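Close look at the chain arrangement
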Amino acid sequence: MTVSAEPKHADIDVLIAGAGVVGLACAWAALKEGLTVTVVDRDFEGDRTSHGNAGGIAVTESTPLSAPGLLFKAAKWLMDPLGPLSLRVAHVPQALPWFLAFNKVSRPEHFRRISYALASLNNRVYDDFLPMIEDIGGSGSLYRRGAITVYETDKAYQADQHEWQFKRDLGVQWRELSKAELHDLEPGLAPVFERGVFLDQWSHIGDPKRLVTQLRERVRALGANFIQQPIASIDASKEHPQAVLANGTRLPATRIVVATGAWSEALAKSVGDRVLLDSERGYNSTLPHPNVQLSREIIFAERKFVATPLDIGLRIGGAAEFAGLNAPPNYKRSDALLSLAKRFLPGVNDAGAVRWMGHRPATPDSLPVIGASPRNPGVLYAFGHGHLGLTQSATTGALIADLLKRRTPRVNLQPFSISRFG
Ligand SMILES: Cc1cc2nc3c(=O)[nH]c(=O)nc-3n(C[C@H](O)[C@H](O)[C@H](O)COP(=O)(O)OP(=O)(O)OC[C@H]3O[C@@H](n4cnc5c(N)ncnc54)[C@H](O)[C@@H]3O)c2cc1C
């Protein structure tokens, strides 16, 4: 990747910090509006969260993680060292304010408010995602075959009924599947599931890394300037904010979009804005020759993991580990998920499995941060998408384009404001 010469002041109309799927979608949308765009990333082709995710266009996931009653379940999960949730002891002091806020928003009134805000994004995802994926040449690897949530026990299915019914109010279409219907649709699953929920609106892509590469190449072809450097801070004290690179170079721009995923807290802080953002680390394994046929993504309700039939193999992933941005990965988590998968996918072949860990940019209320800084309207935020960064990427790009063009945003952005963190 070539490092471009530092552009002159007037050259940069829009500077996008971060070239994950969210930053690139913002760059794509801005370029389509005819704006001049510079993208800055410390490592354009390096491994990042957007490369290794489960590939789900999970538009039905419109309820937050912090739900009424979750705390009791979370306490149980924390007892299991390789369970779906873990918190490393060394990270507790840093994570405490995040978890206190997470607990606070589990109250029913917050749960409903947050769900409607999430639905306002998720319900328009295809309006924004389809034009983008078509333009980058990726439509052929968008699989619109739905997804199925599977339940081992009727008791667990009944326990989730309240949420499934509420999801209908949010615009989610679902239908119950009997054991026999489930077997007809997905004969590769072990016959241990009592119920299924078919989610017609869900889809998945063939390879998240390929999508990022296609998007990056398209953004470059549309005329974006790429600068490969870490950004140390953002100086928002002047009318035109400046990205201050680690090498000391200052890049003034009319507008700066902060889309640095799980690393965005430090940049927001340099602007003077407070945010609660933590890395919710997730793990997976990709099996290149799985020897098991699945037609669509499967969500294992009680065990909290998913299996996605990607073009590059079967990806088995999940887990939520809070250990910060710098602790080394604990790939025993990938292995634990794979062991579960072996129980539920008879005959699965794990030869050549590739293990991976990524940093979900997680806010306590599961809502991304999208909108202008109250300190300087020239700084726009686009981060914190947690489990849904791929899903909401194009919609975030479209909303940032609305703001860059000074149009009324197509979605009410008030719930996503950074001001909510005080
Ligand atoms: C196991 C797992 C499964 C997932 N499954 C799904 C799924 O099925 N569907 C879905 O929608 N989402 C899923 N997600 C979530 C999704 O992957 C993320 O929300 C999304 O990738 C975040 O994208 P991003 O562009 O904000 O961040 P990233 O992809 O992390 O990109 C951030 C970029 O910023 C750059 N950067 C950071 N700091 C600096 C700096 N100071 N200077 C310069 N550059 C910087 C980094 O190099 C990086 O390129 C999953 C996540 C995980 C971990």
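Nothing here was measured: the structure is a model prediction, and the numbers come from that model. Starting afresh in each chain, residues are numbered from 1 along the sequence in its written order. Residues qualify for local features only when their pLDDT is at least 70, as the model is predicted, and side-chain atom pairs are given and counted only at 80 or more; totals for whole chains, interfaces and linings, by contrast, use all residues. Here the side-chain values reflect all heavy atoms present in the structure, with hydrogen atoms and water set aside.

What follows deals with the packing of aromatic side chains. Any two of the Phe, Tyr and Trp rings considered here, Trp counted by its six-membered ring, make a pair once their centres fall within 6.5 Å; the pair's planes then place it as stacked at under 30 degrees, edge-to-face at over 60, or tilted in between. For the coordinates displayed, the defined rule picks out 17 aromatic pairs. With centroids separated by 4.7 Å and ring planes inclined at 5°, the aromatic side chains of F44 and F226 adopt a geometry described as stacked. With a gap of 182 residues between them, F44 in the loop between strand 2 (37-41) and helix 2 (49-52) and F226 in strand 10 (residues 225-228) connect regions that are remote in the sequence. Between F300 and F344, the aromatic rings sit 5.7 Å apart at their centres with planes inclined by 20°, giving stacked as the arrangement. Here the residue F300 occupies a position in strand 16 (residues 297-300), and F344 occupies one in helix 12 (residues 332-344), the gap between them amounting to 44 residues. Like F344, F300 is buried. One aromatic cluster is present, formed by W98, F99, F102 and F322 through successive ring pairs. Secondary structure follows DSSP: runs of H or I at least 4 residues long count as helices, runs of E at least 2 residues long count as strands, and numbering of each begins at the N terminus. The rule is simple: take the accessible area with a 1.4 Å probe, protein chains only, and divide by the maximum for that residue type; under 20% is buried, over 50% is exposed, in between is partly exposed.

So, about the pattern of salt bridges. By definition here, a salt bridge exists when the distance from a side-chain nitrogen of Lys or Arg to a carboxyl oxygen of Asp or Glu is within 4 Å. Under the criterion given, the structure shown has 28 salt bridges. Across the pair D128 and R410 runs a salt bridge, and its minimum N-O distance is 3.7 Å. One end of the pair, D128, is in helix 6 (residues 125-135); the other, R410, is in the segment after helix 13 (393-404), and 282 residues separate them in sequence. Classification of D128 as buried rests on a relative accessible area of 6%. Here R410 falls in the partly exposed class, since its relative accessible area comes to 39%. Here the salt bridges do not stand alone but share partners, grouping E33, R124, D128, D402, R407 and R410 into one network.

Of the two site types, the cavity is a set of points on a 1 Å grid over the protein atoms alone where a 1.4 Å probe fits but cannot get out, and the pocket is an open set with protein on both sides within 12 Å along at least five of seven lines, each lined by residues with an atom within 4 Å of a point. Grid points are joined across faces, edges and corners, and a volume is the space filled by probe spheres set on the points. Taken as a whole, this structure holds 2 cavities of 30 Å³ or more when the rule is applied. Considered as a void within the structure, the largest cavity measures approximately 40 Å³ in volume. In this structure, the largest cavity is lined by I133, G138, S141, I205, G206, D207, R210, L211 and Q214. Ranked by residues supplied to the lining of the largest cavity, first place goes to helix 10 (residues 208-221) with 3 residues. Put simply, Ala, Val, Leu, Ile, Met, Phe, Trp, Tyr, Cys and Pro go in the nonpolar bin, Asp, Glu, Lys and Arg in the charged bin, and everything else, Gly too, in the polar bin. Class assignment of the residues belonging to the lining of the largest cavity gives a composition of 3 nonpolar, 4 polar and 2 charged. By volume, the second largest cavity amounts to about 30 Å³. Every residue lining the second largest cavity is listed: S66, A67, L70, L71, F102, N103 and S106.

A separate point is the side chain of D273. Following the sequence through the fold, D273 ends up in the loop between helix 11 (264-271) and strand 15 (278-287). Taking the relative accessible area as the measure of exposure, D273 reaches 5% and is therefore buried. Whenever two N or O atoms come within 3.5 Å, that pair is a polar contact, provided that in protein one can donate a hydrogen and the other can accept it, and provided that, for residues adjacent in sequence, both atoms are side-chain atoms. Of the polar contacts made by the side chain of D273, one reaches the side chain of S373; its length is 2.6 Å. Polar side-chain contacts of D273 include one of 3.2 Å to the side chain of R375.

With that settled, consider a nonpolar patch on the surface. Exposure above 30% relative accessible area and the lack of any salt bridge qualify a residue for a patch; like charges then connect within 9 Å, and the nonpolar side chains Val, Leu, Ile, Met, Phe, Trp and Tyr within 5 Å. Under the convention used here, a 1.4 Å probe and the Shrake-Rupley method define accessible areas, while residue burial counts only the protein chains that appear. Taken together, the side chains of V89, V92, L96 and L100 define a hydrophobic patch exposed on the protein surface, amounting to about 380 Å² of accessible area. Mapped onto the elements of the fold, V89 is located in the loop between strand 4 (85-87) and helix 4 (92-104). V89 sits in the exposed class, given a relative accessible area of 70%.

Here the focus is the sheet that holds strand 12 (residues 242-245). Here we have 3 strands laid out as an open sheet, ordered 11-12-13, and antiparallel in their pairing. Of all the strands in the sheet, just strand 11 (231-235) and strand 13 (250-252) have a single pairing partner and so form its edges. For this sheet, the mean angle separating the axes of adjacent strands, direction not counted, is 20°. Where strand 11 lies against strand 12, 4 bridges are found, and the strand directions are antiparallel. Pairs of strands are assigned from DSSP output, requiring at least two bridges between the strands. For helices, the fitted line uses only the C-alpha atoms of the stretch in contact; every axis is such a line through C-alpha atoms, and the angle between N-to-C directions lies from 0 to 180 degrees.

Time to look at the site of the ligand. Near, as used in this document, describes a residue that has one of its heavy atoms within 4 Å of the molecule or strand being considered. Close to the ligand lie 32 residues, the nearest being D41, R48, S50, G386 and T391. Interatomic distance of 3.0 Å between a side-chain N/O atom of T49 and an oxygen atom of the ligand. In the model, an oxygen atom of the ligand is placed 3.1 Å from a nitrogen or oxygen of the L390 main chain. In isolation the ligand offers 1,000 Å² of accessible surface; the protein chains occlude 96% of this area. Contributions of two or more residues to the shell around the ligand are made by helix 1 (21-32), helix 2, strand 15 and strand 19 (354-362). Top element by residues in the shell around the ligand is strand 19. It accounts for 4 residues.

A few words now on the environment of S334. For S334, the position within the fold is in helix 12. The exposure class assigned to S334 is buried, which follows from its relative accessible area of 0%. Separated by 22 residues in the primary sequence, S334 and W356 have C-alpha atoms spaced 7.4 Å apart. If sequence neighbours within four positions are ignored, S334 has contacts with Y283, N284, S285, R355 and W356. What makes two residues a contact is simply this: any of their non-hydrogen atoms within 4.5 Å.

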